[in-house]
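Okay, here's what each chain looks like letter by letter:
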Amino acid sequence: MSKLIDEIKTLFEYFNNGDYIFFWFFLLSIITIFYFEKDIKIRDFFTWYSIIILGVIWNPICIWVLNKFINMGSMYRIYYMLPLGISIAYALTKIIEKNKNIFQKLLMVFVFTVLIVIFGECIFNQYSTIKVNNLYKLPDETVQVAKIISEDNETTYKKAIVPYEMSSHIRQLYANVELYYTRIISNPKDENGNPRPYDTDEPLNYKPVQKLNAGDVPYITDLAKKNNINYVVFSRATVLSDKMENYGFELYKQTVTYDIYRLNN
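Residues numbered from 1 in each chain as written. Predicted model: local features only at pLDDT ≥ 70, side-chain atom pairs only at ≥ 80, totals over all residues. Heavy atoms only, no water.

Visitor: Before we move on, can you summarise the packing of aromatic side chains with the specific residues and values?
Guide: Evaluation of the coordinates by the stated rule reveals 23 aromatic pairs. Pairing Tyr76 with Tyr80 gives two aromatic rings, centres 5.7 Å apart and planes at 80 degrees, and the pair type is edge-to-face. Assessed through its relative accessible area of 8%, Tyr76 is described here as buried. With a centroid separation of 5.9 Å and 90 degrees between ring planes, the pair formed by Tyr181 and Tyr206 is classed as edge-to-face. Here Tyr206 lies in the loop between strand 4 (200–201) and helix 11 (207–214) and Tyr181 lies in the loop between strand 2 (177–179) and strand 3 (185–186), a separation of 25 residues in the sequence. Exposure remark for Tyr206: the relative accessible area of 28% places this residue in the partly exposed category. Connected via pairs of aromatic rings, a cluster forms that spans Phe12, Tyr14, Phe15, Tyr20, Phe23, Trp24, Phe26, Trp58, Tyr76, Tyr79 and Tyr80. Between the NZ or CZ atom of Lys211 and the centre of the ring of Tyr219, over which it lies, the distance is 5.7 Å. Above the ring of Tyr252, the side-chain terminus of Lys253 is found at 5.6 Å from the ring centroid. (Phe/Tyr/Trp six-rings, centres within 6.5 Å; stacked < 30°, edge-to-face > 60°. Buried < 20%, exposed > 50% of the residue type's maximum accessible area, 1.4 Å probe, protein only. Helix = DSSP H or I, 4+ residues; strand = E, 2+ residues; numbered from the N terminus. Lys NZ or Arg CZ within 6 Å of the ring centre and 35° of its normal.)

Visitor: Just give me the short version of the environment of Gln172, but keep the residues and values in it.
Guide: The topology assignment puts Gln172 in helix 10 (residues 170–173). On a C-alpha basis, the gap between Gln172 and Tyr136 in space is 8.9 Å, while along the polypeptide they are 36 residues apart.

Visitor: Residue-level account of the packing of helix 2 (residues 21–36) against helix 6 (residues 84–98), with values.
Guide: Packed helix pairs are characterised by how far apart their axes lie and by the angle those axes make with each other. For the pair helix 2 and helix 6, interaxial distance at closest approach is 8 Å and the crossing angle is 50 degrees. It follows that helix 2 is oblique to helix 6 by the angle criterion. By crossing handedness, the relation of helix 2 to helix 6 is classed as left-handed. In this structure, helix 2 uses Phe22, Phe23, Phe25, Phe26, Ser29, Ile30, Thr32, Ile33 and Phe36 to contact helix 6, whose residues at the interface are Leu84, Ser87, Ile88, Tyr90, Ala91, Lys94, Ile95 and Lys98. Among the residues forming the contact of helix 2 with helix 6, the class breakdown is 12 nonpolar, three polar and two charged. (Axes fitted to C-alpha atoms, helices over the stretch in contact; angles between N-to-C directions. Parallel < 35°, antiparallel > 145°, perpendicular 65-115°, else oblique. Left-handed = near helix turned anticlockwise from the far one by under 90°. Contact = heavy atoms within 4.5 Å. Nonpolar A, V, L, I, M, F, W, Y, C, P; charged D, E, K, R; others polar.)

Written out as structure tokens, the structure reads:
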């Protein structure tokens, strides 16, 4: 039982990333909605739904059962089912709505907004967040590379090996482009040998990624021919060990950051 309790604690800590303020805001919001909301359907949605989700993720018996089917690297995602943002916003709206004085309403809006900004964090402070100029919300050059390969009319079958940073995005755009690898993950273990509650990308431990990054042309071209790969994408910053043309590939297209090679038919 103690191990299950520890898992519940670990999942909770990982989901909140050590910052619990918005989770407490969420719990206070649920209480506020329960007392102030007169519409039973709305009240039940915010309260009972959240209670059921918490009753699963905070219940040792449920965790014991889920452990049979879900690894720790996925279980914390149950927290994503909680309507945190919308609950906080709705509760604050109900509080403001209760006040009849327009000046006080505006003051409360200002105060709540400032609190959210103070306790929150700008999304662009995250290292993995970039601004893009496409509706897919994916890196612009990834979209460009995927489109170039997908719309090549000289090939019907398309399979590519690409730099790891774009490997999990291309098939979100074009299903006709197969990839040699997509996301490479591992579940790291703690000091006791138990899986931790997150998945970690470990591409540099994977030989094809290492060789592509190193520009090892003989290895990559041999791999490509053995696995029916007819497109190879290198970062233009990569120094190639040999000319791809010496191994049956041609430089098909270029973008600002990438070179796209195609196997000659």
